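Residue strings, one per chain:
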Amino acid sequence: MSLSGARTFDAMVASQYRIGSLRQFSLVGLVVVISFFMPWTAGDNTDVSWIIIICEKIFSGQKLYVDILETNPPFSVALYIGPVWLSHRLGISPELAIEYFIYLIFVVSILLSALVIEKGRIFVDLRTQWVYPMLAVLLLIMPGNIFGQREHIGMMLFMPMLFLMMWRSNDSPGQHIPFALAFTVGLAASVLLLVKPHWALGIALPYLVIAWRRRSLLACLTVENIVIGAICTGYLASVRIWFPEFLDTFLPLLMRYYVSLRANINILLALPTFAVFVVFIAFQMRKSAWRSDVAIAVTSGAGFFVSMAYLGKYWPNHQYPYQLALLVAMLLAVASRRQKVLALSGEEAASERANARLHSSAAFAVVVALTVTHHQFYQMPEKSLVDAIRARYSSPSIVQVSSDLSVGNPLARMVNGRWLSAYAHDWVGAHALWGLMKGNYHGEDERIARHDLDNYTLYVNSLIRDNKPDIILVDRLDKKKSVLSLAANYPPIWTTWMRQNADFQALMSNYEEIALGDYIEVYARRSSAH
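Our subject in this report is the structure included herewith.

What follows concerns the overall build of the protein chain. Looking only at helices and strands, the protein chain features 20 helices and five strands. Residues classed as buried in the protein chain amount to 51% of the 530 residues present.

The following block contains the structure:
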């Protein structure tokens, strides 16, 4: 081929690449537009709504872990405090500001991921027109009710790291990865660990696989890992300096009552899902050596699964990290199988193409099923509850009597309520009571648990007696059963405990029920109450 012909060929390839990239990002834009019309916003999420309340309490002068007793480390609040502060300056709702913030993070995630994928050419042997649109679906459509959650934000910023690990897993140890790119990817991925430190296993396991392939632990000593380590170390030091109460006083309480409580029965649902993923991926790889990128994504998903099992809660936002990593592995495995089928010919090719189409449909069905599942866990209160409260008060003071965070959030913000308690919900009293009932404590531990239970019961009563809240939200004793929420099928033991308390009964005589939802009872102060 002549020089001019070679240049013409290169120009044609470059033009096709640009057209392909334009088509991909046009599809990404379409996914973004579709996400605008999904039936949720960031403010619908229970945890996000509560953190907005924390931020506004901080702006009013209250101190975290002294006046506000939050179960999560400080970065969980710091992640949202900027958008909430900005919302006050711009005159928009915090929920809307956080939603804009989420989409900004998505743009950062997709562009940084594209930079890693294109520079590393990690999917050069695959038809990758689906990569960016599908990534947009997994990050914007699939999350459902966990949209805006800390795990959602953390995983969006982790995705470039996942692709960078795939790049590093290639067999060429001397490959050059730009320092600035690795530094930026590490900076983004550190957010996931600052939010929930135990998610580090989703990064550590893939790097151990890379080190094993290279026969050297030095393979883990990369720019991005050094950045993550430095940021996490600095964060821990800053917590010690600015939030000593969290480490000295509050963390032991968390470990005793919150972290120690595990919903182990829920693993019966999570483990089969994980197993189906792995079996499906292994089936795609059965006729060839495992692709390194698929192996990295599976290992990362396994790390996230083990981290989730350690914490033992299994809520939808806790399952999202491992599901996202395994979905990437599954889609890459199916794409690899389809690519191999293209090289076949004859009758065998026709049969394999049919199988490949079937497996692609199965992968698509898995994405749809998980998306539908995540969209089933909305925690929005009934409109009748909101209307009943608004009919009586424009800005009511609110106290919650329940161990369920979703009883008061986002309902409190929907009625422009003022949250009186230092806690998001009654986790201290409820978990101490639960542990005592199950016989988890003995000796000195039992004495401490009984002391904490009695003190917290007194705290709730004094909160009502001293503040005379306009509204009291109570966990409904006869919750309506649900096949979608395991929590709805457990009796509200803490509410039963409080209703049997004589002081609480006397205080509640000043209140009347004004609304009843599927799992919430709303009480308003009687006009004659003093």
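So that's the structure; there's more coming.
What follows deals with helix α12 (residues 292–311). Compared with an ideal rise of 1.5 Å per residue, which puts 20 residues at 28 Å, α12 spans 29 Å between its outermost C-alpha atoms and is within 8% of the ideal. G312 lies just past α12 and shows a positive phi near 75°.

For a regular strand, side-chain orientation follows a simple rule: the groups alternate between the two sheet faces. Burial analysis of strand β5 (residues 520–525) places five of its six residues in the buried class, which makes it a mostly covered element. In this structure, the hairpin formed by strand β4 (residues 511–516) and β5 is closed by a connection of three residues.

Attention now moves to the nonpolar core. Core analysis: the largest hydrophobic core is formed by 163 residues, its most contacted members being F158, F163 and M166. The element contributing the most residues to this core is helix α13 (residues 316–341), with 14 residues.

The next point concerns unusual backbone geometry. In this chain, N409 is followed by P410 through a cis amide linkage whose omega measures 15°. Its location among the elements puts P410 in the loop between β1 (397–401) and α16 (411–414). One non-glycine residue, N416, lies in the positive phi region at around 55°. Secondary-structure assignment places N416 in the loop between α16 and β2 (418–419).

With respect to the helices, strands and loops of the structure, W494 is situated in helix α19 (residues 493–499). The sequence separation of W494 and W427 amounts to 67 residues, and the corresponding C-alpha distance is 9.2 Å. When residues no more than four places from it in sequence are discounted, the contact partners of W494 are V401, S402, S403, D426, G429, A430, L433, L453, Y456, T457 and V460.

One way to put it is that helix α3 (residues 74–90) packs onto helix α4 (residues 94–120) with a least axis distance of 8 Å and a crossing angle of 125°. It follows that α3 is oblique to α4 by the angle criterion. Relative to α4, the crossing made by α3 is right-handed. Between α3, through L79, Y80, P83, V84, S87 and H88, and α4, the contact on the second element is made entirely by P94, A97, I98 and F101.

With that settled, the discussion passes to a nonpolar patch on the surface. A contiguous nonpolar surface patch, about 390 Å² in accessible area, is contributed by F59, W85, L86 and L90. A total of three residues in the nonpolar patch trace back to one element, the largest contributor, which is α3. Checked against the element boundaries, L86 lands in helix α3.

Once that is clear, we can look at the pattern of salt bridges. Pairing between side chains becomes possible if they bear opposite charge and their charged atoms approach one another. What the rule picks out here adds up to 18 salt bridges. Two residues, E245 and K63, come together in a salt bridge whose shortest N-O distance is 3.2 Å. In this pair, E245 is assigned in helix α10 (residues 244–259) and K63 in the loop between α2 (46–59) and α3, connecting sequence segments 182 residues apart. For E245, a relative accessible area of 21% puts it in the partly exposed group. Given a relative accessible area of 38%, K63 falls into the partly exposed group.

A few words on a positive patch on the surface. On the surface, R127, R338, R353 and R357 cluster together into a patch of positive charge. Inspection of the secondary structure puts R127 in the loop between α4 and α5 (131–141). What makes R127 exposed here is its relative accessible area of 52%.

Here we take up the side chain of N225. Within the element layout of this structure, N225 appears in helix α9 (residues 223–242). Polar side-chain contacts of N225 include one of 2.8 Å to the backbone oxygen of C220. Ignoring any residue separated from it by four or fewer positions in sequence, one finds N225 in contact with M161, I203, Y207 and C220.

So, on to the packing of aromatic side chains. The full count for this structure, using the stated rule, is 23 aromatic pairs. Summarising the aromatic geometry, the rings of F123 and F163 are spaced 6.1 Å apart at their centres and angled 90° between planes, so their arrangement reads as edge-to-face. Placement of the pair is F123 in the loop between α4 and α5 and F163 in helix α6 (residues 150–168), with a sequence separation of 40 residues. Across the pair, F163 and F123 agree in class, each one buried. Taken together, the aromatic side chains of Y65, F243, F246, F250, Y258, Y423, W427, Y456, Y459 and W494 make up a single cluster linked through ring pairs. Taking NZ or CZ as reference, R215 lies 4.9 Å from the ring centre of W212, over its face. Sitting over the face of the ring of Y258, K313 holds its NZ or CZ atom 4.9 Å from the ring centroid.

Reading the values: rules and limits
- Residues numbered from 1 in each chain as written.
- Predicted model: local features only at pLDDT ≥ 70, side-chain atom pairs only at ≥ 80, totals over all residues.
- Heavy atoms only, no water.
- Helix = DSSP H or I, 4+ residues; strand = E, 2+ residues; numbered from the N terminus.
- Buried < 20%, exposed > 50% of the residue type's maximum accessible area, 1.4 Å probe, protein only.
- Expected span 1.5 Å × (residues − 1).
- Pairing = 2+ DSSP bridges.
- Core = buried A, V, L, I, M, F, W, Y, C linked by side-chain atoms within 4.5 Å.
- Contact = heavy atoms within 4.5 Å.
- Axes fitted to C-alpha atoms, helices over the stretch in contact; angles between N-to-C directions.
- Parallel < 35°, antiparallel > 145°, perpendicular 65-115°, else oblique.
- Left-handed = near helix turned anticlockwise from the far one by under 90°.
- Patch = residues over 30% accessible without salt bridge, like charges linked within 9 Å, V, L, I, M, F, W, Y side chains within 5 Å.
- Areas by Shrake-Rupley, 256 points an atom, 1.4 Å probe, with all protein chains shown as cover.
- Salt bridge = Lys/Arg side-chain N within 4 Å of Asp/Glu carboxyl O.
- Lys, Arg positive; Asp, Glu negative; His and termini not counted.
- Charge placed at Lys NZ, Arg CZ, Asp CG, Glu CD.
- Polar contact = N/O pair within 3.5 Å; in protein donor to acceptor, adjacent residues only side chain to side chain.
- Phe/Tyr/Trp six-rings, centres within 6.5 Å; stacked < 30°, edge-to-face > 60°.
- Lys NZ or Arg CZ within 6 Å of the ring centre and 35° of its normal.

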